[in-house]
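# Chains, contacts and geometry: an overview
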Amino acid sequence: LMNSVFPPELRYASLKLVNRFFQLFSSFCYFDITEIDGVNTNELYNAVQLYLSSSSVSSSTRLSLTRALNSSSITFGLSTNDSIVDTFNSATVLWEHVVTQRQSQTFAWRPMPEEKRGFTLRIKKRDKSLILDSYLDHIVDKAEEIRRRNQDRLLYTNSRGGGGGGGLDSRGLPWESVPFKHPSTFETLAMDPVKKREIMEDLKDFTECRSFYQRTGRAWKRGYLLHGPPGTGKSSMIAAMANYLGYDIYDLELTEVKSNSELRKLLMKTSSKSIIVIEDIDCSINLTNRGKKFNEPEMALTGSGLGDESGNGNTITLSGLLNFTDGLWSCCGSERIFVFTTNHIEKLDPALLRSGRMDMHVYMSYCTFPSLKILLRNYLGYEEGDLSDVVLRELEGVVEKAEITPADVSEVLIKNRRDKERAVRELLEDLKRRAERNEKKGKLRGQNGSVTVADDDVEEQEKRALDSPYAEEEEEIEDNICKISED
Ligand SMILES: Nc1ncnc2c1ncn2[C@@H]1O[C@H](COP(=O)(O)OP(=O)(O)OP(=O)(O)O)[C@@H](O)[C@H]1O
Ligand SMILES: [Mg+2]
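The numbering scheme is per chain: residues are counted from 1 as the chain's sequence reads. Ligands are numbered from 1 and chains lettered from A, in the order in which they are written. In view of the model being predicted, local features appear only for residues whose pLDDT reaches at least 70, and side-chain atom pairs are presented and counted only at 80 or more, with totals across whole chains, interfaces and linings using the full set of residues.

Applicable threshold: UniProt positions are given in the numbering used here, feature names are shortened, and annotations may be inferred rather than shown by experiment.
Naming follows an unreviewed UniProt entry, where the protein appears as AAA+ ATPase domain-containing protein of Brassica rapa subsp. trilocularis. Its UniProt record gives the protein the following Sequence similarities (unreviewed entry) comment, quoted word for word: "Belongs to the AAA ATPase family. BCS1 subfamily." Quoted verbatim from the Catalytic activity (unreviewed entry) field of the UniProt record, the comment on the protein reads "ATP + H2O = ADP + phosphate + H(+)".

This is how it looks when you write it as C-alpha cells:
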C-alpha cells in the first residue's frame, strides 16, 4: 500500500511516521539491550543472559545450554529469537532474544561477531516507572549471584614463579590464578564448636549487613587474625571461610612486593567478595623501627628478597601495610575480608593488633576433646556413642595434656584409617606418651633447674627421644634445662 501511495524518497519517513502513530496507541514500551554497545561489551546483556538462565525463569520449552570456562555447572539460556515471560512485583514483562546477521564490514577497528545479538524487554507503559529501575537492579544482583555460584572460585597469587617477571603475568596482570578446590569446610574443621559458631555467625553477619556498614560510615571489610602453633588449622580455616562464603582468595606473598605503591596496585586489582590473605606475617617481613609518622611507628618491613631500607621507594613499610588494610585505598572494592596468620602473635607490632584493624583475633589451639571428636568423625566415621565410654573418658583425660595439634592427630588417623580400633588405640598411646612427657617437662621446669635429673630418668628420656618424631625439639628443650641446672 505504502509503495503505491508514497514516492520512493518519502517511503522511509512515512514508515517512521506510521510507526510513531501506532506507538502512541500501543500500551507497551520496548528496551533493546544489545550484546555490543558501540565498541564495548554490554555488561547488562551478560547479566540478562545469566538472569534468564535461573531456574525460576527458565520455564520455556526451548533453551540453549552452555558451560562457561572455569565453570563446573551448566547454564540455560534463551534460544535464538525465542521469548520468555517473567514477572516482577506482580508486573508481567516479556523478554525476546533477537539474533540478526551483521552486515559484512569492509573495515573495522576490531573484529565484530558475525551475529548481532540482543535482548528486547517489553514492559507495559503503566508499569514502566514502577518497576524498570528496581527490576534492572534485581537482574544485575541475581546475575552476580548466579555467576558466583556457577563459577569455580579462584585462588590468586602475586608470586612471580610462573609469571612473566616484573610482578606481572603473561597478560600484564599482577595476580595469577588457579581454580580453588580446597575441600576444607567448617564442618570438617576441628575446633571448639562455640568458637566455630561465633566465627560463622560473624561472617554471615558481615555479608548481610551492607546497610549497617553504610549507615555507620565504615568501609565494608573485616579483618581476622588467626594465630596459634603450626598445624592447628589456620590455613584450613581460611579455606573453610572461602568455601562458606563462596569468595575468591588472594594469597599475598609479601616478600614478592617491592614497594608500597606495588602493594596498592595489587589491592586495586582484587575483586569484591574476596578474602585477602597474608600468611605467616611475622616471617615474611622483618620489623625494624624507622621513626614515627602521623603518631604511628613507621617500620621498614624488609624480608628476604626485598629492597634496601634507605627509603628509596624499594621497600614496603608497616604504614604501607596498614594503609593497605585500613586506609582510603582499602575500600576501593567492597565486601572484603583480610586474614593474617601467624605462629607468634607476640612478635607483631601493636599497630597491627589494635582494635578496628583486625576485628577478630582467633586463637587456633592444640587439640581439645570436642575437636578430637570432630577428627574421629571425619577420618574414621565415628559418631557420638560409637566409642565406649571408657575409651572416650581416657581420650578426654589425656588429650589436652598431650598438647597435640590436629595435624598430628590426623596423621595417626590417616595412617590407620582402615582399622578403626587400631587407629584409636594408637592415638590413645600417642596421647598418653605425649601427656607423660609434658608432665615430666613441667616438673623439671617447675624445679627451676635446682635439681639434677636422676640418671635412669635421663636414660629413659633419651631412649624415648630417639623413638620420637620430635627428637630434635626435645633435645633442644633438654639442653636448655641442663643449662639452667648448670647456671
Ligand atoms: N583444626 C583442624 N581441623 C581439621 N584438620 C586440621 C586442623 N588443623 C590441622 N588440620 C590438618 O592438618 C593439616 C595442616 O593444617 P593447616 O595447614 O591448616 O595448619 P596451619 O595452622 O596453617 O599450619 P602453619 O602454621 O604451619 O601454616 C591440614 O591439611 C589438615 O588436614
Ligand atoms: Mg598455614
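## Some words on the sheet that holds strand β8 (residues 115-124)
Sheet strands pair via backbone hydrogen bonds, and the direction of the pair is either parallel or antiparallel. Our working rule: Strands are treated as partners if at least two bridges between them are detected by DSSP. The helix count covers DSSP runs of H or I at least four residues long, the strand count covers runs of E at least two residues long, and both are numbered beginning at the N terminus. Think of each axis as a best-fit line through the C-alpha atoms, taken over the contacting stretch in the case of a helix, with angles from 0 to 180 degrees between the N-to-C directions. A residue pair is marked as a contact if its C-beta atoms, positioned from the backbone, fall within 7 Å.
Strand order in the open sheet formed by 4 strands is β1-β8-β7-β6, and the pairing between neighbours is antiparallel. At either end of the open sheet lies a strand with only one pairing partner, and these are β1 (28-34) and β6 (83-88). Strand-to-strand twist in this sheet, taken as the mean axis angle between neighbours without regard to direction, amounts to 25°. Of the strands in this sheet, β1, β6, β7 (91-101) and β8 touch helix α3 (residues 43-53), which is tilted by about 110° from β1. Here helix α4 (residues 125-150) sits on the sheet in contact with β1, β6, β7 and β8, set at roughly 130° to β8.

## Looking at the site of ligand 1
Quick note on the threshold: The criterion for a residue being near a molecule or strand is simple: its C-beta atom, placed using the backbone, must lie within 6 Å of it. Ten residue types, Ala, Val, Leu, Ile, Met, Phe, Trp, Tyr, Cys and Pro, are classed as nonpolar, four, Asp, Glu, Lys and Arg, as charged, and the remainder, Gly among them, as polar.
Taken together, 16 residues sit near ligand 1, with P230, G233, S235, P406 and A407 positioned nearest. Elements supplying a minimum of two residues to the shell around ligand 1: α7 (234-245) and α14 (406-415). Residues belonging to the shell around ligand 1 are distributed by class as follows: 7 nonpolar, 8 polar and 1 charged.

## A closer look at the packing of helix α5 (residues 193-208) against α7
The cut-off we apply is this: Here roughly perpendicular refers to angles of 65 to 115 degrees, roughly parallel to angles under 35, roughly antiparallel to angles over 145, and oblique to all remaining angles. Crossing chirality is assigned from the near helix's rotation relative to the far helix, an anticlockwise turn below a right angle marking it left-handed and a clockwise turn marking it right-handed.
Packing of α5 against α7 leaves a shortest axis separation of 11 Å and a crossing angle of 45°. In terms of orientation, α5 and α7 fall into the oblique class. In terms of crossing hand, the pair formed by α5 and α7 is right-handed. Listed contacts from α7 to M200, L203 and T207 of α5 are M241, Y244 and L245. Taken together, the residues of the contact of α5 with α7 break down into 5 nonpolar, 1 polar and no charged.

## Quick notes on the pairing of strand β11 (residues 221-227)
The line we're drawing: Three exposure classes are used, based on other C-beta atoms lying within 10 Å of a residue's own C-beta, which is placed from the backbone: buried for 20 or more, exposed for 12 or fewer, and partly exposed in between.
In terms of burial, β11 is largely enclosed, as 7 of its 7 residues are buried. Covered by surrounding structure in β11 are K221, G223, L225 and H227 together with R222, Y224 and L226, the residues of both alternating faces. Sheet topology note: the β11/strand β17 (residues 336-342) ladder contains 7 bridges and is parallel. Bridge pairing links L225 to F340 in β17. Bridge count between β11 and strand β18 (residues 360-363): 4 bridges; the pairing is parallel. Along β18, the bridge assignment pairs L225 with H361.

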